[in-house]
Amino acid sequence: MDYAAATYVRFEVKKTMGKYFSEEFGNPSSFNAIGLSAKNAVESSREKIAKILGCSQKEVIFTGSGTESINLAIKGIANAMKNKGKHIITSKVEHHAALNTCKFLEENGFEVTYLDTDRYGLVHSKDVEKAIRKDTILITIMYANNEIGTINPISEIGRIARKHNIPFHTDACQAAGFLDINVNRLNVDLMTINSGKIYGPKGIGLLYVKKGILIEPLIHGGGQEFGLRSGTENVPYIVGFAKALELAQKEKNKESKRLKKLRDMLIKKLLKIPKTILNGHPKKRLPNNVNITFLDVEGEALLLLLNEYGIYAATGSACASEKLEPSHVILAIGLPYEAAHGSIRFTLGKKTTRQDIDKVAGVLPKLVENLRCISPVDVKMSTIRELMRR
Amino acid sequence: MKKYDIESGVKGWFYSKIVREHFLRPKNFLIKDKEKNYRADGVGYVGSVACGDVMQVWIKVDKIKDVIKDMRWRTYGCGSAISSTSMLSVMVKGMKIDKALKITPQNIIKKLGGLPARKYHCSVLGDKALRDAINDYFRKTKQFNRIVKEGARIIDPKTKTTDKDIEEAVKDGAVTLQDVQKKLKVGIGNPRVIPEVEQLIRFYKKKYPR
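Residues numbered from 1 in each chain as written. Chains lettered and ligands numbered in written order. Predicted model: local features only at pLDDT ≥ 70, side-chain atom pairs only at ≥ 80, totals over all residues.

## Focus: the overall build of chain B
Okay, so step 1: The helix and strand inventory of chain B stands at ten helices and six strands.
Okay, so step 2: Expected size for 210 residues packed as a compact globule is a radius of gyration near 17 Å; at 18 Å, chain B falls within 12% of this value.
Okay, so step 3: The principal-axis extents of the C-alpha atoms in chain B amount to approximately 55 × 45 × 30 Å.
Okay, so step 4: Long-range pairs, those at least 24 residues apart, make up 60% of the contacts in chain B between residues at least 6 apart in sequence. (Helix = DSSP H or I, 4+ residues; strand = E, 2+ residues; numbered from the N terminus. Rg over C-alpha atoms; globule rule 2.2 N^0.38 Å. Contact = placed C-beta atoms within 7 Å.)

## Things to note about the interface of chain B and chain A
Okay, so step 1: Each side of the interface is counted separately: chain B has 27 residues, and chain A has 26 residues.
Okay, so step 2: Counting only elements with at least two residues in the side of chain B that touches chain A, the list comes to α1 (17–24), β2 (53–62), β3 (67–76), α3 (79–91) and α10 (194–207) of chain B.
Okay, so step 3: Here the side of chain B that touches chain A takes five residues from α10(B), the largest share from any one element.
Okay, so step 4: Residues belonging to the side of chain B that touches chain A are distributed by class as follows: 15 nonpolar, six polar and six charged. (Nonpolar A, V, L, I, M, F, W, Y, C, P; charged D, E, K, R; others polar.)

## Quick look at the packing of helix α3 (residues 33–53) of chain A against helix α9 (residues 235–270) of chain A
Residues and elements named next belong to chain A.
Okay, so step 1: With their axes 9 Å apart at the nearest point, α3 and α9 run at an angle of 25° to one another. Classed by the angle they form, the pair α3 and α9 counts as roughly parallel. α9 is crossed by α3, and the crossing has left-handed handedness. Within the contact between the two elements, α3 uses Ala38, Ala41, Val42, Ser45, Lys48, Ile49 and Ile52 and α9 uses Val235, Ile238, Val239, Ala242, Leu245, Glu246 and Gln249. (Axes fitted to C-alpha atoms, helices over the stretch in contact; angles between N-to-C directions. Parallel < 35°, antiparallel > 145°, perpendicular 65-115°, else oblique. Left-handed = near helix turned anticlockwise from the far one by under 90°.)

## Regarding the domain arrangement of chain B
Residues and elements named next belong to chain B.
Okay, so step 1: When cut into domains, chain B gives domain 1 (17–146) and domain 2 (154–207).
Okay, so step 2: Using C-alpha coordinates to define each centre, domain 1 is positioned 24 Å away from domain 2.
Okay, so step 3: Listed by partner, the interface residues are seven residues for domain 1 and six residues for domain 2.
Okay, so step 4: For the side of domain 1 that touches domain 2, the element with the most residues is strand β1 (residues 42–48), which contributes three residues.
Okay, so step 5: In the side of domain 1 that touches domain 2, the residues fall into four nonpolar, two polar and one charged. (Domains from an automatic or database assignment.)

## Topic: the domain arrangement of chain A
Residues and elements named next belong to chain A.
Okay, so step 1: Each assigned domain of chain A is listed here: domain 1 (11–248) and domain 2 (252–389).
Okay, so step 2: If you average the C-alpha positions of domain 1 and of domain 2, the two centres end up 29 Å apart.
Okay, so step 3: Facing 19 residues of domain 1, the contacting portion of domain 2 comprises 22 residues.
Okay, so step 4: Considered class by class, the residues forming the side of domain 1 that touches domain 2 number nine nonpolar, seven polar and three charged.

## Focus: the nonpolar core
Okay, so step 1: By size, the foremost hydrophobic cluster in this structure holds 97 residues, and its most contacted members are A:Leu302, B:Val57, B:Ile59, B:Ala133, B:Ile166 and B:Val197.
Okay, so step 2: Not counting the four nearest positions on each side in its chain, B:Val57 is found in contact with B:Gly44, B:Met71, B:Trp73, B:Ala129, B:Leu130 and B:Ala133.
Okay, so step 3: Counting 73 residues, the second largest nonpolar core, distinct from the first, contains A:Leu53, A:Val128, A:Val183 and A:Leu190. (Core = buried A, V, L, I, M, F, W, Y, C linked by C-beta atoms within 7 Å. Buried ≥ 20, exposed ≤ 12 C-beta atoms within 10 Å, placed from the backbone.)

## Topic: helix α10 (residues 299–308) of chain A
Okay, so step 1: Of all ten residues making up α10(A), eight are buried, and the element is well covered by its neighbours.
Okay, so step 2: For α10(A), the full list of buried residues reads A:Gly299, A:Glu300, A:Ala301, A:Leu302, A:Leu303, A:Leu304, A:Leu305 and A:Leu306.
Okay, so step 3: Those residues of α10(A) that are buried lie in contact with β9 (289–294), β10 (314–315), β11 (343–347) and α13 (354–373) of chain A together with α1 and α3 of chain B.
Okay, so step 4: Directly after α10(A), the chain includes A:Gly310, whose backbone phi takes a positive value near 75°.

## Remarks on unusual backbone geometry
Okay, so step 1: Look at A:Glu225: it is not a glycine, yet its phi comes out positive at around 50°.
Okay, so step 2: Of note, A:Glu225 is situated in the loop between β7 (205–209) and α9.
Okay, so step 3: Here the phi dihedral of B:Arg39 falls at roughly 50°; this positive angle occurs in a residue that is not glycine.
Okay, so step 4: Classification of B:Arg39 as exposed rests on a count of 8 C-beta atoms within 10 Å.

## Section: the pairing of β7(A)
When a strand is regular, its side chains alternate between the sheet's two faces.
All names here are of chain A.
Okay, so step 1: In terms of residue burial, β7 counts as a mostly covered element, since five of its five residues are buried.
Okay, so step 2: Both faces of β7 are covered, namely the face carrying Gly205, Leu207 and Val209 and the face carrying Leu206 and Tyr208.
Okay, so step 3: Note: strand β1 (residues 60–63) against β7, four bridges, orientation antiparallel. Residue pairing in the sheet places phenylalanine 62 in a bridge with leucine 206 of β7.
Okay, so step 4: Direction of pairing for strand β6 (residues 190–194) relative to β7: antiparallel, over a ladder of five bridges. Residue pairing across strands places leucine 190 opposite valine 209, the latter belonging to β7. (Pairing = 2+ DSSP bridges.)

## Remarks on the sheet that holds β9(A)
Two pairing modes exist for strands in a sheet, parallel and antiparallel, and in both the strands are linked by backbone hydrogen bonds.
Residues and elements named next belong to chain A.
Okay, so step 1: Pairing in this open sheet of four strands is antiparallel, and the strands run β8-β9-β11-β10 from one edge to the other. Pairing within the sheet leaves two strands with one partner each, and these edge strands are β8 (276–278) and β10.
Okay, so step 2: With five bridges joining them, β9 and β11 adopt antiparallel strand pairing. If you follow valine 290 over to β11, its bridge partner there is phenylalanine 346.

## Observations regarding α1(B)
Okay, so step 1: Turning to α1(B), its buried residues are B:Val19, B:Arg20, B:His22 and B:Phe23.
Okay, so step 2: In this structure, the buried side of α1(B) is in contact with α10 of chain A together with α3 of chain B.

What follows is the structure in structure tokens.
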């Protein structure tokens, strides 16, 4: 139940990729038969994706990951627009790929506004509008949050960005498997999607860049990807990515409906355990995301116990991270440290069944009880509520 | 010392075999609300909920032999925090007090078959909780010359309130958060520290029953 971290590569995707490793291994830039067939494979994948996004083929740039796409969007715009302004707007709950890129730019003379969210992790469009300055050159807000699943009003924020004529980027990595990613309906100028979250291979991503947007490449070289990302195209991965996105978008309504049911079932069952808090929005939420805090219990310990039962989850606790700081998302939505350490994320996926939900809901109360039994801590729910109101 | 990391240890497990054993089957912990029956000779406490690790330790002492007869504990924290306190409780059984006072995190880590390096500082706090408990025993038995002083820990940086201040306030008769705040102003204007203050009040109230 950690599908938001990684998905397996589905059979159909693997199959389409197969021949591009050793048989049709050509370089799309080569002027020969195998080169041409590689080029065709890349371009027909690009066409497929462009159709899904509702854009032209020249607006789809393949990169090496979601992180690279985000870097290209933020640094690429910053470099291209630095003479027009130095101000960027983002939010406190973005993925580290965006946050740390913004921090890097801050060290290099840019100014960044990190917007607060509400207690559900939602970025409000009126806050975005208030933060806009004359020298704002980019707004970057994630579509759906990777930790708590909250879905932002991207189309609304996009309208505001358009009104003020500011480029708007969204990180749609977690959204691509479940939500509408039509760039016209979303009013976005740039959008990041990666393949490793939608049952495609890891190590391939894309950035949609609307025609007319000024952007500088990060990687210079042979001028591939319309000059925005040099380097020989990763042909099998591009083919696999296109197939994965095609399938994900085709199945999204049905799969979302199925997962929503399981998600709500799991949330309901877990909230029956005393001293628990649902993190994220109850409704505006990815169909596969469950994030719950168990007070008086530390997340890593709970993960290790779940691991014993073959249940894989994730935590926002400091103990499970390299930095020994609890999740910035959980803290940003106003949970005090006491509660942040006990947050657990379950993310459902294709192979998650009703039986899995029952298993987790069956095992977890006992595990939480066991850990509470050896815990000297007894934080009051009312204290946490009081702290969260502030 | 052999260092374990994610790659080593047991397959599908992040720590050593010994850590796993103590985590899955913790030894000598004291079940909630059973501390009264245990009749400890000394109680110790270390850590903070906000940081993610809290340990509480109870000891029984053979007063003639000056030996720790038994140690019980409760821990809030990650897997290695739980294992290290459990291991400590096994290590100190029958140990001379003077020797127990010298236990270091490194001793515990070695017995556990190693820990990932980033877990050293945060999760191995049991030795401090044990020293706190031994000091408590010294205090109760009026062996004041033997008390090992450890620095007080600041709970509220704004008012510079330490855990010792809260301990004194409770000893002075403060029962509720409001009582303590009347004396110390702790957490006023800095509500983030309040859960920790409440936690300490609960602990000291149990330590000094009225």
